[in-house]
Amino acid sequence: MDKKSIMFLGTASSVGKSTLVTALCRYLKNKGLNVAPFKALNISLNSYVTKDGLEMGRAQVVQAEACKLQPDALMNPVLLKPSGNCTQVIVDGKVLCNIEPYKYKELNETLKVKVKRAYDKLSKQHDIIVLEGSGSCAEINLKDSDISNMAMAEIADAPVILVADIDRGGVFASVVGTIQLLSESERERVKGVIINKFRGNMELFKPAIKQLEDIINIPVLGVMPYEKFDIDDEDSVTERIRNKEEVGTLDIAIIRLSHMSNFTDFSILERIPDVTIRYVDKPSELKNPNLIIIPGTKSTIEDLRSMKENKLFDKIKELKESGTPIFGICGGYQMLGTLILDKLGVEGNISQEDGFGFLDIKTRFNETKITKQTKGNILCDLKSIKAIEGSTISGYEIHNGISKIGKKAIPFIKDLDGDIVGVCDQERVIAGTYLHGMFDSEEFIGSFVKSLKENNDIVVAEDIIVEKVNEYKDNEYDRLSKLFEENIDIYQLRKIMEL
């Protein structure tokens, strides 16, 4: 077996593969090894832009951070972003094409070549590659087009660890059934099983582990306890975006769009004391928040129409009239304008849609997608959010639309090249920007939250301390690695990897 690789495959989607890969990556990095993550194919609306302007899935960004590496599109050569009637195919960080549903197989051979090329290049740069599969590795109807599970394990000649989620129930059947559906050569590649998200008494569970090992003749390397970590999730199948009713002081309502993307923009807000984040998709849930945020989306026009149909659009307009501040990011920013045009059918068959009309901008979609990291400056305070003028911010842009700025719009954010990437209305109550990740800018977020609290007569400490983003993440990765080391047979795992 190749000493440079090990692969985590799952019995299903969302069993925790990404988290366990992150844990092993940090463990190996802490042992002084040159390690990198790899996932052949991601299906997600939650993406990131690298320093060289290439787009990749967020899961491998997290794993790269755990390895203390800059994210590299080689780590995720294929990213599929479903959108309405088509799926955007991103290869090596750039849009290759848009395909209709179920047309993926026609691209399969091309993608296999691209994936192998990316893996070969990445593996030459690092001593160990920790690979992650996609969904279930036993989808027999998809085996002929597989490039991300056992087919990738064969390309990398990697030993496989099978991950199963006990929290959802049926863990034994899922493990046994998955292994039974693999071919003989595939079963030989599976060297261990990890049971994830365990909540019970471990001593009482040990006999069941022995029974499972006797059935599958494969060792169970450990049982990971259910524990929450503040680590970015790959996609919207996550607890954090379910509707929550939590007691808090500063109430921020984020509109849960059907095709919401990059909800990791708001992770830092969830870590600030006395701030409640609620994701809402019904007018009755919106209530009377201190701030409304409309996030990014892969289907701007479709999501805008959905809000009109379920009357959330009307409720937001009603709250705007009563003075509630509203902030839009990327697709949410476009929605706050007067008009969105899609004459080229970039997002589908709907050619145009009127926006909220809060901001004097008109957006036109074009064929070329903008993907780049951006630094800029805040040009003015907002009515509810003061002491931000002059703040420096950084983030990244992922959008097709180009917004034409009208005379009534006040420039809010300007990048270092002098281009306006965000505006506000003349009352400075409504604002928006194309910048994802701007809340991670420490200078900005402290003033942002403090002024919102003061404006709503919420008692504010002398200083709102926002722990530095990178330090916070680093501590979470180390905490995850420690839990992994305590509950997984590291000696056996290293032996499987021939370390």
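Predicted model only: the values in this text are computed from it and were never measured.

### Considering empty space enclosed by the protein
Consideration 1: Counting across every chain of the model gives two cavities of 30 Å³ or more.
Consideration 2: Put simply, the largest cavity is a space of about 200 Å³.
Consideration 3: As for the largest cavity, its lining consists of 19 residues, and the residues nearest its centre are Thr297, Lys298, Ile398, His399 and Asn400.
Consideration 4: Within the residue set of the lining of the largest cavity, elements represented by two or more residues are α11 (331–335), β21 (361–378) and β22 (392–405).
Consideration 5: In the lining of the largest cavity, the residues fall into four nonpolar, eleven polar and four charged.
Consideration 6: There is about 110 Å³ of room inside the second largest cavity.
Consideration 7: In terms of lining, the second largest cavity is formed by 14 residues, of which the most central are Asp232, Ser267, Arg271, Val469 and Lys473.

### So, the side chain of Gln60
Consideration 1: Turning to its location among the elements, Gln60 is positioned in helix α2 (residues 58–66).
Consideration 2: A polar atom in the side chain of Gln60 sits 3.0 Å from the side chain of Gln63.
Consideration 3: Beyond its immediate sequence surroundings of up to four residues, Gln60 is in contact with Pro37, Lys39, Asn42, Met75, Asn76 and Glu132.

### Structural notes on the pattern of salt bridges
Consideration 1: The full count for this structure, using the stated rule, is 26 salt bridges.
Consideration 2: The partner of Glu109 in a salt bridge is Lys112, with the nearest N and O atoms 3.9 Å apart. Of the two residues, Glu109 and Lys112 are both situated in helix α3 (residues 108–125); the distance of three residues between them amounts to about one turn of the helix.
Consideration 3: Overall, the relative accessible area of 26% leaves Lys112 in the partly exposed class.
Consideration 4: The structure contains a network of salt bridges with shared partners spanning Arg26, Asp474 and Asp478.

### Considerations on the layout of surface pockets
Gaps left between atoms show up when a probe the size of a water molecule is rolled over them.
Consideration 1: The volume enclosed by the second largest pocket comes to roughly 870 Å³.
Consideration 2: Taken together, 28 residues line the second largest pocket, and the ones lying closest to its centre are Tyr48, Glu65, Ser394, Asn470 and Lys473.
Consideration 3: Elements that contribute at least two residues to the lining of the second largest pocket include exactly α2, β21, β22 and α13 (469–487).
Consideration 4: Looking at which element gives the most residues to the lining of the second largest pocket, the answer is α13, with five residues.
Consideration 5: Per-class residue counts for the lining of the second largest pocket are seven nonpolar, ten polar and eleven charged.

### A closer look at the pairing of strand β11 (residues 190–198)
Side-chain positions along a regular strand alternate between the two faces of the sheet.
Consideration 1: The buried fraction of β11 amounts to seven of the nine residues, a majority that puts the element mostly inside the structure.
Consideration 2: Where strand β10 (residues 160–165) meets β11, six bridges bridge the pair, whose relative direction is parallel. Paired with Val160 across the strands is Val190, a residue of β11.
Consideration 3: Bridge analysis of β11 against strand β12 (residues 220–225) gives four bridges, and the strand direction is parallel. Counted as the bridge partner of Val193 is Val220 from β12.
Consideration 4: Read as a crossover between parallel neighbours, the route from β11 over helix α7 (residues 202–216) to β12 is right-handed.

### A few points about the sheet that holds strand β3 (residues 41–43)
Hydrogen bonds along the backbone pair up the strands of a sheet, which may run parallel or antiparallel.
Consideration 1: Within the open sheet, the four strands sit side by side as β3-β6-β7-β8. Their pairing is mixed. The sheet terminates laterally at β3 and β8 (94–99), the two strands that pair on one side only. Averaged over all pairs of adjacent strands, the angle between their axes in this sheet comes to 20°, without regard to strand direction.
Consideration 2: In the sheet, strand β7 (residues 86–91) pairs with β8 via five bridges, with the strands oriented antiparallel. In the sheet register, Ile90 faces β8, and the bridge partner there is Val95.

### Things to note about the packing of aromatic side chains
Consideration 1: For the structure shown, the criterion picks out 14 aromatic pairs.
Consideration 2: Ring centres 6.2 Å apart and planes at 50° place the aromatic pair Phe266 and Phe439 in the tilted group. Of this pair, Phe266 sits in the loop between β14 (260–261) and β15 (275–280) while Phe439 sits in the loop between β25 (430–433) and α12 (442–455), and the two are 173 residues apart along the sequence. Each member of the pair, Phe266 together with Phe439, is buried.
Consideration 3: The rings of Phe266, Phe327, Phe412, Phe439, Phe444 and Phe448 are connected pair by pair, giving a single aromatic cluster.
Consideration 4: The ring centre of Phe313 lies 5.2 Å from the NZ or CZ of Lys308, which sits over that ring.

The rules behind each value
Residues numbered from 1 in each chain as written. Predicted model: local features only at pLDDT ≥ 70, side-chain atom pairs only at ≥ 80, totals over all residues. Heavy atoms only, no water. 1 Å grid on protein atoms, 1.4 Å probe; cavity = no way out; pocket = protein on both sides within 12 Å on 5 of 7 lines; lining within 4 Å. Points joined across faces, edges and corners; volume = space filled by probe spheres on them. Helix = DSSP H or I, 4+ residues; strand = E, 2+ residues; numbered from the N terminus. Nonpolar A, V, L, I, M, F, W, Y, C, P; charged D, E, K, R; others polar. Polar contact = N/O pair within 3.5 Å; in protein donor to acceptor, adjacent residues only side chain to side chain. Contact = heavy atoms within 4.5 Å. Salt bridge = Lys/Arg side-chain N within 4 Å of Asp/Glu carboxyl O. Buried < 20%, exposed > 50% of the residue type's maximum accessible area, 1.4 Å probe, protein only. Pairing = 2+ DSSP bridges. Right-handed = clockwise from strand over helix to strand, strands pointing away. Axes fitted to C-alpha atoms, helices over the stretch in contact; angles between N-to-C directions. Phe/Tyr/Trp six-rings, centres within 6.5 Å; stacked < 30°, edge-to-face > 60°. Lys NZ or Arg CZ within 6 Å of the ring centre and 35° of its normal.

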